[in-house]
Structure formats: structure tokens, C-alpha cells
Amino acid sequence: MRLVLLGAPGSGKGTQAQIMQARHGLPQVSTGDLLREAVTAGTELGRAAQVVMQAGGLVADDIMLGIIRERLARADARRGFILDGFPRTQAQADGLSTLLQDLGTPLDAVVLMEVDPEVLLRRLAGRRSCRRCGRVFHIETNPPAPGDRCADGRAHDLFQRPDDNEATVRQRLSIYRERTQPLIDHYERMGLLRRIDANGTLDEVDARLEAAITPR
Ligand code: AP5
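These figures come from a predicted structure and were not determined experimentally.

1. Focus: the site of the ligand
- Taken together, 36 residues form the shell around the ligand, and within it Thr-15, Gly-57, Arg-88, Arg-127 and Phe-137 come nearest.
- Between the ligand and the protein, one listed contact pairs an oxygen atom with a side-chain N or O atom of Arg-161 at 3.0 Å.
- Protein burial of the ligand: of its 1000 Å² of free accessible surface, 97% is covered by the chains.
- Residue assignment for the shell around the ligand shows that the elements contributing at least two residues are α1 (13-24), α2 (31-41), α6 (117-126), β6 (136-138) and α9 (202-213).
- Of the residues in the shell around the ligand, the class split is 13 nonpolar, 15 polar and 8 charged.

2. Let's talk about empty space enclosed by the protein
- Per the counting criterion, the structure on display carries 1 cavity of 30 Å³ or more.
- There is about 60 Å³ of room inside the largest cavity.
- Among the elements of the structure, β1 (2-6) and α7 (166-180) are those that each provide at least two residues to the lining of the largest cavity.
- Of the residues assigned to the lining of the largest cavity, the class counts are 5 nonpolar, 3 polar and 2 charged.

3. Focus on the sheet that holds strand β5 (residues 127-130)
- Across the sheet, which stays open at both edges, the 3 strands sit in the order β6-β5-β7 with antiparallel pairing between neighbours. The two strands at the open ends of the sheet, each matched to only one other strand, are β6 and β7 (158-159).

4. A word on the state of the cysteines
- On inspection of all chains with the given rule, the structure shows 0 disulfides.
- The thiol sulfur of Cys-130 is not disulfide-bonded, and the nearest other cysteine sulfur, from Cys-150, lies at 3.5 Å.

5. As for the sheet that holds β1
- Here we have 5 strands laid out as an open sheet, ordered β2-β3-β1-β4-β8, and parallel in their pairing. The outermost strands of the open sheet, each flanked by one partner alone, are β2 (28-30) and β8 (193-197). For this sheet the average axis-to-axis angle between neighbouring strands, irrespective of direction, equals 25°.
- Strand direction decides the pairing type here: β2 and strand β3 (residues 81-84), joined by 3 bridges, are parallel.

6. Examining the layout of surface pockets
- In this model, the second largest pocket occupies a volume close to 230 Å³.
- Along the walls of the second largest pocket sit 13 residues, with Ala-8, Val-115, Leu-120, Tyr-176 and Gln-181 positioned nearest its centre.
- Mapped by element, the contributors of at least two residues to the lining of the second largest pocket are β4 (109-114), α6 and α7.
- Looking at side-chain class alone, the lining of the second largest pocket contains 9 nonpolar, 2 polar and 2 charged residues.

7. Thoughts on the environment of Val-110
- If you trace the backbone, Val-110 turns up in strand β4.
- When its relative accessible area of 0% is taken as the criterion, Val-110 is described as buried.
- Here the alpha-carbon distance between Val-110 and Leu-183, two residues 73 residues apart in the chain, equals 10.0 Å.
- In this view, Val-110 contacts Val-4, Leu-6, Tyr-187, Leu-192, Leu-193 and Arg-194; residues no more than four positions away in its chain are not counted.

Thresholds, definitions, all that
- Residues numbered from 1 in each chain as written.
- Predicted model: local features only at pLDDT ≥ 70, side-chain atom pairs only at ≥ 80, totals over all residues.
- Heavy atoms only, no water.
- Near = heavy atom within 4 Å.
- Polar contact = N/O pair within 3.5 Å; in protein donor to acceptor, adjacent residues only side chain to side chain.
- Areas by Shrake-Rupley, 256 points an atom, 1.4 Å probe, with all protein chains shown as cover.
- Helix = DSSP H or I, 4+ residues; strand = E, 2+ residues; numbered from the N terminus.
- Nonpolar A, V, L, I, M, F, W, Y, C, P; charged D, E, K, R; others polar.
- 1 Å grid on protein atoms, 1.4 Å probe; cavity = no way out; pocket = protein on both sides within 12 Å on 5 of 7 lines; lining within 4 Å.
- Points joined across faces, edges and corners; volume = space filled by probe spheres on them.
- Pairing = 2+ DSSP bridges.
- Disulfide = S-S within 2.5 Å.
- Axes fitted to C-alpha atoms, helices over the stretch in contact; angles between N-to-C directions.
- Buried < 20%, exposed > 50% of the residue type's maximum accessible area, 1.4 Å probe, protein only.
- Contact = heavy atoms within 4.5 Å.

The following block contains the structure:
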């Protein structure tokens, strides 16, 4: 299965991709996570990306396409993948189509996760991630269960993403509407788009997502 999860910041792409990765054994390919790893490693890409991410902008298309080309060439992506946060622009969508055409592995579906604006803001305000294992939590709706630990047995080391502040969130939402929302029509025209109501609990959204990707 080769899948794209499309949706605004906070719509639950990363959370659902992690659930699906565990269930289906398909790698979650999150461009946000790949960029944050580069920031932590202090590479040249990471230093440049950090400035863009703090401002709520988008990293250049050619850089993102290079990252995706390298990631999808790895062995674990041969059986399929879940793209989370990519593509985000028309140029990225076109580049992805060309890349997958060359590999002879077209997309199976693009799932649009639709969430009410006030729910998005609540989700982003309460999001916390584990610095070590990368799991995504929410202080109210999805805190770590009692006794839930990282793989190494230590308690999760939660932090709030620096781009989850009010000003940057406003800019990320505006960039989403301007640059990414047009991809909805693009994938609809290609016959790949499936829409799901991504309001509701984690389990409800999970069930709707599974139903949307089940072959008809
Ligand atoms: P990225 O990390 O991709 O951020 P994003 O797209 O803004 O998406 P988020 O990670 O904010 O939200 P999500 O939909 O994954 O929600 P989550 O599951 O965490 O990108 C960050 C930055 O990197 C970008 O701004 C850009 O600068 C750069 N970048 C990345 N990709 C790029 C690209 N392709 N091109 C150019 N630049 C790029 O959920 C949010 C919260 O809600 C969590 O706390 C979660 O626990 C909770 N939650 C989720 N689902 C539910 C539910 N059903 N009920 C209750 N709570 C829920």
C-alpha cells in the first residue's frame, strides 16, 4: 500500500500514521520528522530548515524531493509507505508522480483528513512529543498511559514543538490553505482522493481511515 495522508497541521496525520505503521508494518515517512532529525543532528540542511520551520514556512521543493527520493529508495519502503506531510505543494506532487512512475509504483490513495478549525488549534496547543522515541501525545486527549515507557524502559521525555506557538501555528495554517489545499482538487482529478471526517476520538478516526483505504 502506497498512501499519502493529507491534512492541515494538527489534523492527526502523524498520530494515525504511527498507528498504521504498527498495524500494517509500513514505514511512516514524515518529512517533518526527517527535517527535525536534521535539525537535531546540526547538519547544513538542519540549520537552514530550522529557520524556515520556526517561521512556519515551507522548505524548498527541490530539497524536499531529494529527501523523499533518498527515503523511498530504502529497503523498508519497497512494500509500501505512508507519506505524512508530503507532498505539500504542486511541484512536490508532480515530482512525486514522476519519481513513482520511474519506480513503477504509483500511489494507491490520498486520504484527506478533515478537521474543524477550533479542534486543530486545541490539538496543536496540547501536543507533546517524546524526545527519545518520537511518539506523539496530547496532554488532555492522549497522554501517555500509566506505566507506558520508551523501548529502553525509561519514562517518555515529553517536549512541546517550538513551532506550536500561536504565531507560527497561524502562519502554518495560512501556508496550508495557500500551498497545500490546491492538492485536494489535484488528487480528486486523478481519482485518488478519499475524504474522512478526522474529528472525533483516535479510535473513531482510525476506523474511518481503515475503511477509506480498504479496497472497494
Ligand atoms: P510537520 O511536522 O509535517 O507538521 P504539520 O504538517 O504542520 O503537521 P503536524 O505534525 O503539526 O500535525 P499532524 O497532522 O501530524 O497532527 P498530530 O498527529 O501530531 O512539518 C513541520 C514543518 O516542517 C512545516 O511547517 C515545514 O516548515 C516543514 N516541512 C515538513 N514537510 C515539508 C514539506 N513536504 N515541504 C516543505 N516543508 C516541509 O496530532 C496533533 C495533536 O492532536 C497531537 O497532540 C495528537 O495526540 C492529537 N490528536 C491527533 N488525533 C487526535 C484525535 N483523533 N483526537 C484527539 N487528539 C488527537
